[in-house]
Structure formats: C-alpha cells, structure tokens
Amino acid sequence: MSYALLAAYTLTTPLPPLEDTRRRLVGESQFFVDQSEVTTRGWYDISGFSTGADLLVWWADSDPERLQDAAHRLRASALGHYLAPAWSTIARGDLPTTPAGDWLAVLPGTPAPAPAAGATVTELSGHGLSGPQVLTLIESAALDAVATAAEGTSSPNGLARGVGATGLTGVRVSPAEWAERQPRS
C-alpha cells in the first residue's frame, strides 16, 4: 500500500525570459524537491486541459509525511515562488510500479470504469484523508485511450462524464519542458 499526493498549481507570474535563468530555476527546484526522497510519478502540463491550473505533480511514497515535505519543498523552491496551489489531494492504494503512459486523467470522486484497451486505471481510497472518497487515475500513451476510459466513468449523480468534466488532464513532461512552454516576462 502506498500513498499518492497529487498537487495542481497555477502559474501566477510569467517565468524569467532568459533560457539559462529558467533552466537554473527549474533545475535547482527539482533537485530541492528530490531531496524529499519520494517517487515523483510525473510532472504534467495541464494548461488548457484543466481550468485554473497549469502544472500537476504526482508524488508517491509509503510515508505521507515525506509526501507533504515534497509539496512544501516545491512551494519553497525558486519555481514555487511563481506557483499558487490550485488543488491537491492525498489518497492511498496499490499503485502501478511504473507510469503506464504519458497521458493522465485524475477523476476525483469517480469510481473506476471497466478496463479500457490501452489504458491503465487505478482507483485509490481517500477515505479519512484530504480528498474525495475515491480517486480514479487513468494513464495511457494516447489521450484517446484516456478519454475512452473516462467516458466509462460516471459522476456521483450517475451521469456519464468525460475527461474535462471535473477532473484534471495532462501530458507528462519534464520540469524543464513545462517551463519552456510557459509565458515569459
């Protein structure tokens, strides 16, 4: 059993215009976060796919305090000064040992759908923790497979919903790739 902390952030101000400055800012921040010794499952560019957020980070560890330390470290890092928290949750369950693709959909409060071709679906429990009772994560190499799997989910009121309804969706990127895609001052 492992814990997962998923945290979404909004870019509050444009990043520095010089490429070397952005690389140093991101590299130092990533190193600082890595000192928490948690597994970073991925950094996801969710800009344009998820309202009000630009970056999603997924951390996993058997110790929830180390997960919280990773989140604190990101906020305290140089990159963290450009980010504001938009959403986060902690849940627990059995996580696949390796990411199952570059695309991820996070569906809070949604029971896992039936298996879909080309997609890995993980259902985590948030009972008694900070988030919804159930957290469904859908991973795949292609957004189409994520969307197809998400179409099989239903919201708590029984209505079918797709990827963008109330979840977070994005593509895995390196922190440096994410920074290069963002506005600059």
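As the structure is a prediction and not an experimental result, all values here were calculated from the model.

Calculation notes
- Residues numbered from 1 in each chain as written.
- Predicted model: local features only at pLDDT ≥ 70, side-chain atom pairs only at ≥ 80, totals over all residues.
- Heavy atoms only, no water.
- Helix = DSSP H or I, 4+ residues; strand = E, 2+ residues; numbered from the N terminus.
- Rg over C-alpha atoms; globule rule 2.2 N^0.38 Å.
- Buried < 20%, exposed > 50% of the residue type's maximum accessible area, 1.4 Å probe, protein only.
- Core = buried A, V, L, I, M, F, W, Y, C linked by side-chain atoms within 4.5 Å.
- Contact = heavy atoms within 4.5 Å.
- Arc of directions from axis to C-beta.
- pLDDT = per-residue confidence, 0-100.
- Pairing = 2+ DSSP bridges.
- Phe/Tyr/Trp six-rings, centres within 6.5 Å; stacked < 30°, edge-to-face > 60°.
- Lys NZ or Arg CZ within 6 Å of the ring centre and 35° of its normal.

Student: Any chance you could explain the overall build of the protein here in plain terms?
Tutor: Per the secondary structure count, the protein includes 4 helices and 8 strands. Along the chain direction, N to C, the helices and strands of the protein fall in the order β-α-β-β-α-β-β-β-β-α-β-α. In terms of overall dimensions, the protein is globule-like: its C-alpha atoms have a radius of gyration of 16 Å, near the 16 Å expected for 185 residues. If you line up the protein on its principal axes, its C-alpha atoms span 45 × 30 × 25 Å. Each of the 185 residues in the protein was classed as buried or not, and the buried ones make up 48%.

Student: Looking at this structure, how should I read the nonpolar core?
Tutor: Nonpolar side chains in soluble globular proteins tend to end up buried together. If you look at the biggest cluster of nonpolar residues, it comprises 36 residues, and the most contacted ones within it are Tyr9, Trp59, Leu74, Leu79, Leu83, Ile138 and Trp178. Sequence-distant contacts of Tyr9, defined by excluding residues within four places in its chain, comprise Ala53, Asp54, Leu55, Val57, Trp59, Ala71, Leu74, Arg75, Leu83, Ala84, Pro85 and Ala86. In terms of nonpolar packing, the next biggest core, distinct from the first, is built from 17 residues, Ala8, Ala53, Trp58 and Leu137 among them.

Student: Would you mind showing me how to read helix α3 (residues 143–151) here?
Tutor: Of the residues making up α3, those classed as buried are Ala145, Val146, Ala149 and Ala150. For α3, the arc enclosing every buried residue in end-on projection is 135°, short of the 170-degree limit, so these residues lie on one face. Away from its buried face, by an angle of more than 90 degrees, α3 presents the exposed residues Asp144 and Glu151. Looking at the buried positions of α3, the neighbouring elements they touch are β5 (103–108), β6 (119–125) and β7 (134–140).

Student: I would appreciate a short explanation of the confidence of the model for the protein in the present structure.
Tutor: Detailed reading of the predicted coordinates is not advisable wherever pLDDT falls low. On average, the protein scores 88 in pLDDT, and the residues at 70 or more come to 91%. Below pLDDT 50 for its whole length, residues 155–165 participates in 21 contacts with residues either more than four positions away or in separate chains.

Student: Can you help me understand the pairing of strand β2 (residues 39–45) in this one?
Tutor: A regular strand carries its side chains on alternate faces of the sheet. When you tally the buried positions in β2, you get 5 out of 7 residues, the bulk of the element. The sheet contact formed by β2 and strand β3 (residues 55–61) spans 6 bridges and is antiparallel. Along β3, the bridge assignment pairs Gly42 with Trp58. Bridge count between β2 and strand β8 (residues 168–173): 3 bridges; the pairing is antiparallel. Pairing of Tyr44 across the sheet is with Arg172, part of β8.

Student: How should I be thinking about the environment of Ala179 in this particular structure?
Tutor: Structurally, the position occupied by Ala179 is in helix α4 (residues 175–181). Accessibility expressed as a relative area gives 1% for Ala179, which makes it buried. Sequence-wise, Ala179 and Ile138 are 41 residues apart; in three dimensions their C-alpha atoms are separated by 24 Å. Dropping the residues within four chain positions of it, Ala179 is found in contact with Leu15, Arg22 and Val26.

Student: Would you mind going over the environment of Ala112 with me for this structure?
Tutor: Within the secondary structure layout, Ala112 lies in the loop between β5 and β6. Ala112 gets classed as partly exposed once you look at its relative accessible area, which sits at 34%. Separated by 37 residues in sequence, Ala112 and Ala149 place their C-alpha atoms 9.0 Å apart.

Student: Explain unusual backbone geometry to me, please; I cannot follow it from the model alone.
Tutor: What is expected of a backbone is that most residues other than glycine have negative phi and most peptide bonds are trans. We note that Glu37 has phi near 65°; this positive angle belongs to a residue other than glycine. Looking at where Glu37 falls in the secondary structure, it is placed in the loop between α1 (19–34) and β2. On the basis of relative accessibility, which here comes to 61%, the residue Glu37 falls in the exposed class.

Student: Sorry, what's going on with the packing of aromatic side chains here?
Tutor: Two aromatic rings, taken as a pair, are described by how far apart their centres are and by the angle between their planes. Summed over the entire model, instances satisfying the criterion amount to 1 aromatic pair. With a centroid separation of 5.6 Å and 75° between ring planes, the pair formed by Phe49 and Trp103 is classed as edge-to-face. Of the two residues, Phe49 sits in the loop between β2 and β3 while Trp103 sits in strand β5, which places them 54 residues apart along the sequence. In this structure Trp103 comes out as buried when scored by relative accessible area, which is 16%. Across the ring face of Trp58, the terminal group of Arg41 is positioned such that the distance to the ring centre comes to 4.4 Å. Just above the ring of Phe32 sits the side chain of Arg73; from NZ or CZ to the centre is 4.8 Å.

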